[in-house]
Amino acid sequence: MALEPKEIYEKLQAAFPDISVEFDEAVPCIIVEPMKWKTVALFLRDADDLKFDSLMCLSGVDNGDGNLVSVCHLDSLAHRHKLTVKCVVPADDPKVESVEQVWRTADWHEREAYDLIGIEYVGHRDLRRILMPYDWTGHPLCKDYEVPEFYNGIKVPY
Amino acid sequence: MGLLDKKFENSNIIITSLEGVMNWARLCSLWQMSFGLACCAIEMMAASASHFDIMRFGVIPRPSPRQCDVMIVAGTVTLKMASRIRRLYEQMAEPRYVLSMGSCSNCGGPYWNYGYHVLKGVDRVIPVDVYIPGCPPRPEALLEGLMKLQEKVRSESLVEEKAA
């Protein structure tokens, strides 16, 4: 039975009274406290009426106002409803709990968000760069990124 | 066999120079180590296929750098790949040539301005002999670049020092 995001939000509020869960009407999406995300994720995956068994996409976003956001798009194949979940963290301490052990596809998605945006996923078993070379410094897709002059003796800019 | 037939009418002796023979042998058997990295690789495959047939120039794709004469860098070269290209170029035996195919390996291509991960031209890591412009160059353009390389090989000298 497909549920609306508002109804899912009310279920989460009832199940987790002590975790801060907000609902953004405009998108619509759910905003969860970053360091308690894994508990909520396990509930979303295992609860009978929610059953979000597929993580469609996990991406990192640089808001430009000093915050980084980790956005997850969840899908339920059993009930055919979808949900968007966001975790907002400040750029100088970007720690989000990893959901790699909840949905295994988050393994590479979180590595990409770490590599390109800089969000650190606490509890990820193998968090290293996936697209840039392993000894690259900086996170390229941040809004305040500056291209380095040299990389290992090779001139980078045109 | 064109002109060669006429020479064989009366006797079967050709007089030429050692340089001429060696250069001729090298230019019509340029075995390639194709570095098909991105979209230019498709055009290189099209050049190897039957319609454009790069093999009639003597160009055979070889998997190992030790067995090749020419390295055709076809596609975008990222900084991650640049050190590998340098290593493979150093493993090729002389005389070795490099053909830079397409805009990305010539000068960084469409990624020249905002590509933080792209090497702006493969000539920043290895010396290039012939540049083939295009995005991607047609197979005929690749064949023309190959013919220009053949001209370069034809005019090489055995005695003079080559630039390293």
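Residues numbered from 1 in each chain as written. Chains lettered and ligands numbered in written order. Predicted model: local features only at pLDDT ≥ 70, side-chain atom pairs only at ≥ 80, totals over all residues. Heavy atoms only, no water.

As a further point, take a nonpolar patch on the surface. Together, Leu-18, Leu-158 and Val-159 of chain B line one region of the surface with nonpolar side chains, adding up to about 320 Å² of accessible area. Here Leu-18 of chain B lies in helix α2 (residues 18-27). (Patch = residues over 30% accessible without salt bridge, like charges linked within 9 Å, V, L, I, M, F, W, Y side chains within 5 Å. Areas by Shrake-Rupley, 256 points an atom, 1.4 Å probe, with all protein chains shown as cover. Salt bridge = Lys/Arg side-chain N within 4 Å of Asp/Glu carboxyl O. Helix = DSSP H or I, 4+ residues; strand = E, 2+ residues; numbered from the N terminus.)

On to the pattern of salt bridges, then. Where charged atoms from two side chains of opposite charge approach closely, those side chains can pair. Counted by the stated rule, this structure contains 16 salt bridges over all chains. What emerges from the salt-bridge pattern is a single network uniting Glu-100, Arg-104, Asp-107 and Arg-125 of chain A.

This next bit is on the side chain of Ser-105 of chain B. Residue and element names in this part refer to chain B. Within the secondary structure, Ser-105 sits in helix α5 (residues 103-107). Relative accessible area serves as the criterion here: at 0%, Ser-105 is assigned to the buried category. Those residues in contact with Ser-105 that sit more than four places away from it in its chain are Val-73, Gly-75, Val-77, Ser-100, Gly-121, Val-122 and Asp-123. (Buried < 20%, exposed > 50% of the residue type's maximum accessible area, 1.4 Å probe, protein only. Contact = heavy atoms within 4.5 Å.)

Here we take up the packing of helix α1 (residues 5-15) of chain A against helix α2 (residues 37-46) of chain A. Residues and elements named next belong to chain A. For the pair α1 and α2, the least separation of the axes is 12 Å and the interaxial angle reads 120°. Between α1 and α2, the angle is such that the two are oblique. For α1 against α2, the interelement crossing comes out right-handed. Between α1 and α2, the residues in contact are Ile-8, Leu-12 and Ala-15 and Val-40, Phe-43 and Leu-44, respectively. Along the lines of polarity and charge, the residues of the contact of α1 with α2 split into six nonpolar, no polar and no charged. (Axes fitted to C-alpha atoms, helices over the stretch in contact; angles between N-to-C directions. Parallel < 35°, antiparallel > 145°, perpendicular 65-115°, else oblique. Left-handed = near helix turned anticlockwise from the far one by under 90°. Nonpolar A, V, L, I, M, F, W, Y, C, P; charged D, E, K, R; others polar.)

Turning our attention to the confidence of the model for chain B. The predicted coordinates should not be examined in detail at positions where pLDDT is low. Residue and element names in this part refer to chain B. With 91% of its residues at a pLDDT of at least 70, chain B reaches an overall mean of 89. Within chain B, strand β4 (residues 130-132) carries the highest mean pLDDT (96), whereas helix α1 (residues 2-7) carries the lowest (56). Among the scores for the predicted complex, ipTM is 0.77 and pTM is 0.84. (pLDDT = per-residue confidence, 0-100.)

Facing 16 residues of chain A, the contacting portion of chain B comprises twelve residues. Between chain A and chain B, a total of about 1,100 Å² is buried, with carbon and sulfur atoms accounting for 71% of that surface. When residues of chain A are sorted by the area they lose upon contact with chain B, Ile-154, Val-156 and Tyr-158 of chain A head the list and together hold 48% of the total. (Buried area = accessible area lost by both parts, 1.4 Å probe.)

Let us look at the nonpolar core. With 35 residues, the main nonpolar core has Ile-30, Trp-37, Leu-44, Leu-74 and Trp-103 of chain A as its most contacted residues. Elements that contribute at least two residues to this core include exactly α1, β1 (21-24), β2 (29-32), α2, β3 (54-62), β4 (67-75), β5 (82-90) and α3 (106-116) of chain A. Setting aside chain neighbours within four positions, we find Ile-30 of chain A in contact with Ile-8, Tyr-9, Leu-12, Val-21, Glu-22, Phe-23, Leu-83, Thr-84, Val-85 and Lys-86 of chain A. The next biggest cluster of nonpolar side chains, apart from the first, holds 25 residues, and it includes Met-71, Ile-85, Tyr-89 and Val-125 of chain B. (Core = buried A, V, L, I, M, F, W, Y, C linked by side-chain atoms within 4.5 Å.)

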